[in-house]
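# Structure assessment
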Amino acid sequence: MMKRLVDLSRYRNPPAKPGEAYIPTSQEQIANIITHGFFVVPAYQAMDTLHHLALDKSYSHKAIAWVYGISLVLIFSISTFFHVISLSGRLRNLRHILHLCDRGIIYFFIAASYMPWLVLRDVGIWGDRLSWLLWIGAIMGTLYNCIFHEKYKTLETVFYLMFGVLPSLPLIFQASDTAGLIEVALGGAFYIGGVYFFKSDGKITFAHAIWHVFCATGACLHFYAVYTHLY
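Note that the coordinates shown come from a computational prediction; the quantities given were computed from them, not determined experimentally.

Parameters at a glance
- Residues numbered from 1 in each chain as written.
- Predicted model: local features only at pLDDT ≥ 70, side-chain atom pairs only at ≥ 80, totals over all residues.
- Heavy atoms only, no water.
- Helix = DSSP H or I, 4+ residues; strand = E, 2+ residues; numbered from the N terminus.
- Rg over C-alpha atoms; globule rule 2.2 N^0.38 Å.
- Buried < 20%, exposed > 50% of the residue type's maximum accessible area, 1.4 Å probe, protein only.
- Contact = heavy atoms within 4.5 Å.
- Areas by Shrake-Rupley, 256 points an atom, 1.4 Å probe, with all protein chains shown as cover.
- Lys, Arg positive; Asp, Glu negative; His and termini not counted.
- Charge placed at Lys NZ, Arg CZ, Asp CG, Glu CD.
- UniProt positions renumbered as here; feature names shortened; annotations may be inferred.
- Phe/Tyr/Trp six-rings, centres within 6.5 Å; stacked < 30°, edge-to-face > 60°.
- Polar contact = N/O pair within 3.5 Å; in protein donor to acceptor, adjacent residues only side chain to side chain.
- Core = buried A, V, L, I, M, F, W, Y, C linked by side-chain atoms within 4.5 Å.

Secondary structure summary: the chain contains nine helices and zero strands in total. What you see in the chain, going N to C, is helices and strands ordered as α-α-α-α-α-α-α-α-α. Its C-alpha radius of gyration of 18 Å places the chain within 12% of the 17 Å reference for a compact globule of 231 residues. Residue burial in the chain is summarised as follows: out of 231 residues, 44% are buried. Counting contacts in the chain only where the partners sit at least 6 residues apart, residues at least 24 apart contribute 73% of the total. Accessible surface computed for the chain: about 12900 Å², of which carbon and sulfur atoms make up 70%. Seen as two clouds, the 17 positive and the 13 negative side-chain charges of the chain have centres 11 Å apart.

As structure tokens, then:
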């Protein structure tokens with residue numbers, strides 16, 4: 001029997017106990033920082049690009065360029081800052097706040113990612129209504145995360161999946177123009193595929209960093225679709 005060339009198990013800690021957060025090793029934290037920190041500057045450049053492309057377009061294009069662009073910057077910036085503080089082992093109160101923000105920004109990022117397609121595309125009566133529902137859902141999801149932080153983790157994951165998948169139905173069945181939806185679907189597939197690693201901390205070494213890569217790939221595909229087909 002061939003010996004494993006690299007034993008990565010020494011770079012992970014045991015899985016978290018129920019109701020507690022997983023504590024990554026320093027190697028895992030560094031990987032977490034790199035895999036999202038790398039995208040902070042490109043996310044800012046993407047926001048700036050949409051802003052300039054929207055200058056000669058409608059008010060809706062301008063507003064969505066800011067909202068979507070800012071959420072793109074925040075999803076990577078907050079995650080990176082949280083993992084940097086976690087690696088330092090200091091400022092526990094700030095770390096806790098950033099952890100809540102890191103989980104909460106996911107809801108707002110999903111809502112912002114849908115806005116270009118629900119508002120700038122003709123999806124019937126669902127566009128504006130669903131946009132408002134998504135923002136209300138983002139607020140409720142964030143409040144839930146603050147109240148039940150690190151409790152009912154499976155339920156929290158189900159909420160993320162429902163929040164990310166269900167709003168796509170009007171795009172599939174109501175949109176008169178389907179250009180770009182293949183890229184949107186591929187991006188969504190990367191987000192969903194990454195959930196397996198999101199739930200594998202302590203079981204798979206660097207699981208959270210792998211999840212970061214899946215999320216970054218999904219975000220890149222979605223930005224490419226918005227940039228190419230809407231702006």
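What follows concerns the UniProt feature "transmembrane region" (unreviewed entry) in the chain. Per the UniProt entry, the sites bearing "transmembrane region" (unreviewed entry) are residues 63–85, 97–118, 130–148, 155–173, 179–198 and 210–227 in this numbering. End-to-end, the C-alpha atoms of residues 63–85 are 32 Å apart, and along that stretch the chain is 100% helix and 0% strand.

One pass over the full model with this rule turns up 14 aromatic pairs. With centroids separated by 5.2 Å and ring planes inclined at 85°, the aromatic side chains of Phe38 and Phe39 adopt a geometry described as edge-to-face. Take Phe38: its relative accessible area is 60%, and that puts it in the exposed class. Taking the centre distance of 5.9 Å and the plane angle of 55° together, the rings of Phe190 and Phe214 count as tilted. On the criterion of sequence distance, the pair formed by Phe190 in helix 8 (residues 181–198) and Phe214 in helix 9 (residues 207–229) is long-range, its members being 24 residues apart.

Here His212 shows up in helix 9. Residue classification places His212 among the buried positions, given a relative accessible area of 1%. At 3.5 Å, the side chain of His212 forms a polar contact with the side chain of Ser79. Residues contacting His212, with those up to four places away along its chain left out, are Asn32, Thr35, His36, Ser79 and His83.

Moving on, we get to the environment of Val158. Its place among the elements puts Val158 in helix 6 (residues 153–165). Expressed as a C-alpha distance, the spacing of Val158 and Ile147, which sit 11 residues apart in the sequence, is 17 Å.

Next up on the list: the nonpolar core. Ranked by internal contacts, the top residues of the largest apolar core, which has 44 residues, are Leu72, Trp117 and Tyr231. Listed by contribution, the elements that provide at least two residues to this core are helix 2 (40–53), helix 3 (59–88), helix 4 (92–119), helix 5 (126–147), helix 6, helix 8 and helix 9. Residue contributions to this core peak at 10 residues, all from helix 4. Discounting chain neighbours no more than four positions away, the residues touching Trp117 are Val123, Leu171, Ala179, Gly180, Leu181, Val184, Ala225, Val226, His229 and Leu230.

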